[in-house]
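Structure assessment
Here's the letter readout for the chains.
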Amino acid sequence: YFPESDLMNIRPFDAREVPEQTLRRLYAVTSAVDREDFPNDEPSPIEQSVLAWQAPKKPHEVVDRYLAEEGDDVVGYLATVRWPIDDPTNSFLVIKVRPDMRRRGIGRALLEKAIAELEPNGVTKTIIDCVADRPWEPVLQRWGMHMALTERRNRLYFSDVDWDLMDQWIERAEERAAEYEVIHLTAPVAEEMIDRWCQIKHVMNTAPEEDLELADFDMTPEKWRAEEKEFGARGDQWLAAVAVHKPTGDFAGYSDVFVQEHHREQAFQHDTGVDPNHRNKGLGRWLKAEMIKRIARDYPEVTRIDTWNAGSNAPMLGINDEMGFRIALVSHSWQADFESIKRGMAGATAPTG
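Criteria and thresholds
- Residues numbered from 1 in each chain as written.
- Predicted model: local features only at pLDDT ≥ 70, side-chain atom pairs only at ≥ 80, totals over all residues.
- Heavy atoms only, no water.
- Helix = DSSP H or I, 4+ residues; strand = E, 2+ residues; numbered from the N terminus.
- Rg over C-alpha atoms; globule rule 2.2 N^0.38 Å.
- Buried < 20%, exposed > 50% of the residue type's maximum accessible area, 1.4 Å probe, protein only.
- 1 Å grid on protein atoms, 1.4 Å probe; cavity = no way out; pocket = protein on both sides within 12 Å on 5 of 7 lines; lining within 4 Å.
- Points joined across faces, edges and corners; volume = space filled by probe spheres on them.
- Nonpolar A, V, L, I, M, F, W, Y, C, P; charged D, E, K, R; others polar.
- Phe/Tyr/Trp six-rings, centres within 6.5 Å; stacked < 30°, edge-to-face > 60°.
- Lys NZ or Arg CZ within 6 Å of the ring centre and 35° of its normal.
- Axes fitted to C-alpha atoms, helices over the stretch in contact; angles between N-to-C directions.
- Parallel < 35°, antiparallel > 145°, perpendicular 65-115°, else oblique.
- Contact = heavy atoms within 4.5 Å.
- pLDDT = per-residue confidence, 0-100.
- Pairing = 2+ DSSP bridges.
- Core = buried A, V, L, I, M, F, W, Y, C linked by side-chain atoms within 4.5 Å.

As a further point, take the overall build of the protein chain. Helices and strands together make up the secondary structure of the protein chain, namely 11 helices and 12 strands. Expected size for 353 residues packed as a compact globule is a radius of gyration near 20 Å; at 21 Å, the protein chain falls within 12% of this value. Taken along its principal axes, the extent of the C-alpha atoms in the protein chain is 70 × 35 × 35 Å. Within the protein chain, the fraction of its 353 residues that count as buried is 54%.

Within this model, the second largest pocket holds a volume of roughly 170 Å³. For the second largest pocket, the full set of lining residues is Arg196, Gln199, Ile200, His202, Val203, Thr206, Asp250, Phe251, Asp275, Pro276 and His278. Among the elements of the structure, α7 (191-201) and β9 (250-260) are those that each provide at least two residues to the lining of the second largest pocket. Of all the elements, α7 adds the most residues to the lining of the second largest pocket, at three residues. The residue inventory of the lining of the second largest pocket, partitioned by class, reads four nonpolar, four polar and three charged.

A few words on empty space enclosed by the protein. The final tally for this structure, using the stated rule, is one cavity of 30 Å³ or more. Surrounding the largest cavity, Gln269, Lys288, Met291, Ile292, Ile305, Met323 and Phe325 form its lining. Looking at the lining of the largest cavity element by element, the count peaks at three residues for helix α9 (residues 283-298). Partitioning the lining of the largest cavity into residue classes produces five nonpolar, one polar and one charged.

Here we come to the packing of aromatic side chains. Tallied over the full model, the rule gives 10 aromatic pairs. Between the aromatic rings of Phe231 and Phe258, the centroid separation amounts to 5.3 Å while the plane-to-plane angle is 65°, which identifies the pairing as edge-to-face. Placement of the pair is Phe231 in helix α8 (residues 221-233) and Phe258 in strand β9, with a sequence separation of 27 residues. Accessibility assignment for this pair places Phe231 and Phe258 in one class, buried. Members of the aromatic cluster, connected to one another through ring pairs, are Trp197, Trp224, Phe231, Trp238, Tyr254 and Phe258. Taking NZ or CZ as reference, Arg234 lies 4.9 Å from the ring centre of Phe258, over its face. Taking the ring centre of Trp169 as reference, the NZ or CZ of Arg285 above it sits at 5.3 Å.

This paragraph deals with the packing of helix α2 (residues 20-37) against helix α3 (residues 46-54). Axis separation between α2 and α3 bottoms out at 10 Å; the angle between their running directions is 105°. Regarding the angle of α2 to α3, the classification is roughly perpendicular. Every residue of α3 that contacts α2 at Leu23, Arg24, Leu26, Tyr27 and Thr30 is listed here: Ile46, Ser49, Val50, Trp53 and Gln54. Considering only residue class, the contact of α2 with α3 consists of six nonpolar, three polar and one charged.

Any region with low pLDDT has predicted coordinates that should not be read closely. Counting all residues, the mean pLDDT for the protein chain is 94, and 96% of those residues have values of 70 or more. Segment residues 1-5 is flagged for pLDDT under 50; beyond a separation of four residues in sequence, or across chains, it makes 12 contacts in the model.

Read across the sheet, 12 strands follow the order β1-β2-β3-β4-β5-β12-β6-β11-β10-β9-β8-β7 without closing on themselves; strand pairing throughout is mixed. Only two strands of the sheet have a single neighbouring strand rather than two, namely β1 (9-12) and β7 (180-186). Sheet twist, expressed as the average angle between the axes of neighbouring strands with direction ignored, equals 25°. Sheet topology places β9 next to strand β10 (residues 266-274); six bridges connect them, and they run antiparallel. Considered in β10, the bridge of Ser255 is made with Thr272. Seen against the sheet, helix α11 (residues 338-346) touches β4 (87-97), β5 (125-131) and β12 (326-337) and runs at an angle of roughly 95° to β12.

One finds Met166, Leu283, Trp286, Ile292, Ile295, Ile305 and Met323 to be the most contacted residues of the largest nonpolar core, which totals 33 residues. Elements with a minimum of two residues in this core: α6 (163-176), β7, β8 (236-245), β9, β10, α9 and α10 (314-323). Here this core takes seven residues from α9, the largest share from any one element. Apart from residues no more than four positions distant in its own chain, Leu283 is found in contact with Ala177, Tyr180, Ala243, Ala252, Val274 and His278.

Here's what the structure looks like:
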């Protein structure tokens, strides 16, 4: 283990200002880690990654990025995420170390850097996601973190979709939920709909979080416009299917998806949620079926779609499993306050990560 100050430099970077060669070296790190998780997938191309790194910051979700370098060589990457409006004492970290540079203390140094940068902003705790059963999970435990959430990344190949079943879901829901209709949205959300859209977004506050400590978020038109600006800049096409309660005009549920500009074969399911007052009417299946049919019709290049679900979210897992989604990866969210992490790291001197 070598001290950060001797052989390694960790510095913040703005992807809009650093040389192209630096971005390529960073991409070599992130794509190598991606290949470990999905060895049969071609990683998202560098153009897509650069757009994401260059996207503007949002006032309600602040992302700061750091490079770990030895000379001109990028050996690690850190992203810190904090929510100064909705959850000001909490944060989320992405730490990636080049596989051939592990067990030299780089991951530890990046975590220490994150704490040092976040604490002055009033942040006192953090969350780190880790693929299940990887050797660094025991390290996170030794560093004082506890496993708070199990999450399944599920994948559906369009070649496996039972399209007759999707039609049946829509037909049954239209009969069972005759006082509802499904509409489709793209960005920007129309002004006459944005208040209702922000309101239905709050349904995700009811999603299972297991032992994860997260504050409820409050979506507002101002925040949503910042979201649209950010995902537009990173080259994502956003699509949403919304269930509308016709007697009131209220949005009763939604399902939204991102299709990437430079990685068209891979779509990502973002959220699916139904307001508790409108559940048990088949709206969830209706929305998922409408969305998958829309992607197949409008984006024929898409061959697969991935989604994330808490391991305890039985209703949504049931829908996804019935659709044909299969487990692609299981990960755990680890959480702790900074003081616990500092005590844990003080007692762990061996190079780890």
